[in-house]
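Listed below, chain by chain, are the residues.
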Amino acid sequence: MKHLLDLLAAIALLVWGTHLVRNGVLRVFGSNLRHVLASSMGNRFTAALSGLGVTALVQSSTATALITASFVGRGLIALPAALAVMLGADIGTSLMAVVFSFDLSWLSPLFIFLGVTLFISRQGTSTGDFGRVLIGLGLMLLALRLISAATGVLTQNPAVQLMLESLTSDRFLEILLGATLAVVAYSSLAVVLLASSLALQVVGLDVALGIVLGANLGSGLLAVITTAKSGISTRQVPLGNLLFKVLGVSIAIWLIPLWLRVVQPLVQDPATLTVLFHLSFNLMVGAVFIGLTQPIARMVNKLLPLQQGKGPLDRPNHLDPSALATPSLAISCAAREAMHQADIVETMLRGVMTVIKTNDLKLAQDLRKLDDSVDSLYSAIKYYLTKISRQQLSEGESRRWTDIISFTINMEQIGDTVERVLLDIEDKKIRKGRDFSEAGMAEITELHARLLDNLRLGMSVFLNGNVRDAQRLVEEKVRFRDMEREYAATHLDRLSGMTPQSMDTSALHLDLISDLKRINSHICSIAYPILDSAGVLAPSRLREPPAATRASRL
């Protein structure tokens, strides 16, 4: 029992090491890897090479599939190019399996020591995340050595030897086992390395090759499962990749005896043969299907057709669940959806002036309904961000996470305020048939125009994080407050002059300019996190009292 537990623990350590490497690489190189993928779509061959390179670093074709699928979901790349990326990604993970098949166990202590040192001393930085990668690599090498040792002891047991002698190869069960292990372990690489270790003394070469085929099938199935709740365009990439693997496995089953006759005389080691078969399988799939990405894409479109003609409200949903596996990408998705929320708020705010000038009751009601969309987007973005693991975020990404939450809260509160303003205009102006005085209307128009300019500036600050623009936005808060006070005073002067229109709309006028100031305060709040991060935000607006005043208080 103890030796069996040792084997299971070593397998778990191998899966965990793969997980650490994947997350560490995505945190250090995530944005660069996305840039490489997005910029290498000139033809199918460069797309495949980029997929190979990215997956060799990430050590997970599933992670590459999720990144590529999110690009297709946002319309950045075409489906055939994305399928070419996946063909290269599978070759990349096969190459890494070959590398790990060599005896590199002597590197394990070095990687773990350096990794722990970097991770502890430089937490929250790229160097610390690179330490995480080294820890993962060291654990993977250590796990492979432990698996080899544990299987060696187990196979000396007479009962285990008797059981192994009674085993016969069943290709379907082997493929099913390999696929199940790949889905459970969230890594086909870990399963292939496990199969190569077991091929030495436990299951035999023929069984190990069947498990490898299943692991390849499982990695394709895993991406399909992970993107099951995403949009249709996002789900097309994993489905196309799964079709490649199903067709490839259907061909490879019949080629195994031929492959063994050619390769086995040249390579005697069962573990090496296992990983070479994994590489040969994916090279075969890539060579056969690299010229068939267009037909496979058409087949995917028939199996999973895009929905057309939903009307003017149809738009891409940037909150892509598949991007959650890559936190930096998920942060970008949330920021794009927050910008859409701000666009709706701007539409509501622009419409307020039209309602005031035209007394359009129908428009006012339509604009108020948009607040429901603003509230829904706020809830969706907030829920999406809570599903991102904060522990996997770098310091800069963590600040961005907080900025997005703060931005969406401000937009939601602006939407609520605009809805209340529209209700007041309907009740106190349109239905009662009242109008602002000419001077009062000019003041409201000027405040409204400045408010729209500030909103656009606030959106720019949120998007770009420019410190100078953030300072301008905070300065606008003071100017707007001064204008609101000035216009409130001039309105009271008109009341003193008994101007009839000013008297009829006095309460609405004062409430309106006060609400516009409140909206402007929410807009200017966008600048505070950026200024705080840059260290240029004063701790308080209160002035220090003169020394004499302080002394008299004492």
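Sequence order as written defines the numbering, with residues in each chain counted from 1. Local features are withheld for residues below a pLDDT of 70 in this predicted model, meaning they are given only at 70 or higher, and side-chain atom pairs are given and counted only at 80 or more; totals for whole chains, interfaces and linings count all residues. Only hydrogens and water are set aside when side-chain values are computed; all heavy atoms of the structure are taken into account.

1. Regarding the packing of aromatic side chains
Logical step 1: Note on aromatic contacts: the rings of Phe and Tyr and the six-membered ring of Trp form a pair at centre separations within 6.5 Å, being stacked when their planes are under 30 degrees apart, edge-to-face when over 60 apart, and tilted otherwise. All chains considered together, the criterion is met by three aromatic pairs.
Logical step 2: Taken together, a centroid distance of 5.3 Å and an interplanar angle of 75° make the contact between Trp-259 and Phe-277 edge-to-face. Of this pair, Trp-259 sits in helix α11 (residues 232-263) while Phe-277 sits in helix α12 (residues 270-289), placing them 18 residues apart in sequence. In terms of burial, Trp-259 and Phe-277 fall into one category: buried.
Logical step 3: The interplanar angle of 15° and the centroid separation of 3.9 Å between the aromatic rings of Phe-407 and Phe-462 together place this pair among those described as stacked. Of this pair, Phe-407 sits in helix α16 (residues 395-430) while Phe-462 sits in helix α17 (residues 438-464), placing them 55 residues apart in sequence. In this structure, Phe-407 and Phe-462 share a single accessibility class: buried.
Logical step 4: The positively charged end of Arg-400 is found above the aromatic ring belonging to Phe-462, 4.4 Å away from the centroid. Only DSSP runs of H or I with at least four residues qualify as helices, and only runs of E with at least two residues qualify as strands; both kinds are numbered from the N terminus onward. Exposure classes here rest on a 1.4 Å probe applied to the protein chains alone. A residue is buried below 20% of its type maximum, exposed above 50%, and partly exposed in between. We call a charge positioned over a ring when the NZ of a Lys or the CZ of an Arg lies within 6 Å of the ring centre and within 35 degrees of the ring normal.

2. As for the packing of helix α18 (residues 467-496) against helix α20 (residues 506-524)
Logical step 1: The interhelical angle for the contact between α18 and α20, taken along N-to-C directions, is 175°, at an axis separation of 9 Å. One finds that α18 runs roughly antiparallel with respect to α20. In this structure, α18 contributes Leu-473, Glu-476, Lys-477, Phe-480, Arg-481, Glu-484, Tyr-487, Ala-488, His-491, Arg-494 and Leu-495 to the contact, and α20 contributes Ser-506, His-509, Leu-510, Ile-513, Ser-514, Leu-516, Lys-517, Asn-520, Ser-521, Ile-523 and Cys-524.
Logical step 2: Considered class by class, the residues forming the contact of α18 with α20 number ten nonpolar, six polar and six charged. Comment: axis = line fitted to C-alpha atoms, over the contacting stretch for helices; angle = value between 0 and 180 degrees taken between N-to-C directions. Working rule for angles: under 35 degrees goes down as roughly parallel, over 145 as roughly antiparallel, 65 to 115 as roughly perpendicular, anything else as oblique. Every residue pair with non-hydrogen atoms within 4.5 Å of one another is taken to be in contact. Three classes are used, and their members are as follows: Ala, Val, Leu, Ile, Met, Phe, Trp, Tyr, Cys and Pro are nonpolar, Asp, Glu, Lys and Arg are charged, and the others, Gly among them, are polar.

3. Considering the pattern of salt bridges
Logical step 1: Salt bridges are counted wherever a side-chain nitrogen of Lys or Arg sits within 4 Å of a carboxyl oxygen of Asp or Glu. In total, this model carries 18 salt bridges according to the counting rule given.
Logical step 2: For the salt bridge of Arg-456 with Glu-346, the shortest nitrogen-to-oxygen distance reads 3.0 Å. With Arg-456 in helix α17 and Glu-346 in helix α14 (residues 327-358), the pair connects residues that are 110 residues apart, well separated along the chain.
Logical step 3: Linking Lys-517 and Glu-484 is a salt bridge whose minimum nitrogen-to-oxygen distance equals 3.8 Å. Here the residue Lys-517 occupies a position in helix α20, and Glu-484 occupies one in helix α18, the gap between them amounting to 33 residues.
Logical step 4: Relative accessible area serves as the criterion here: at 28%, Lys-517 is assigned to the partly exposed category.

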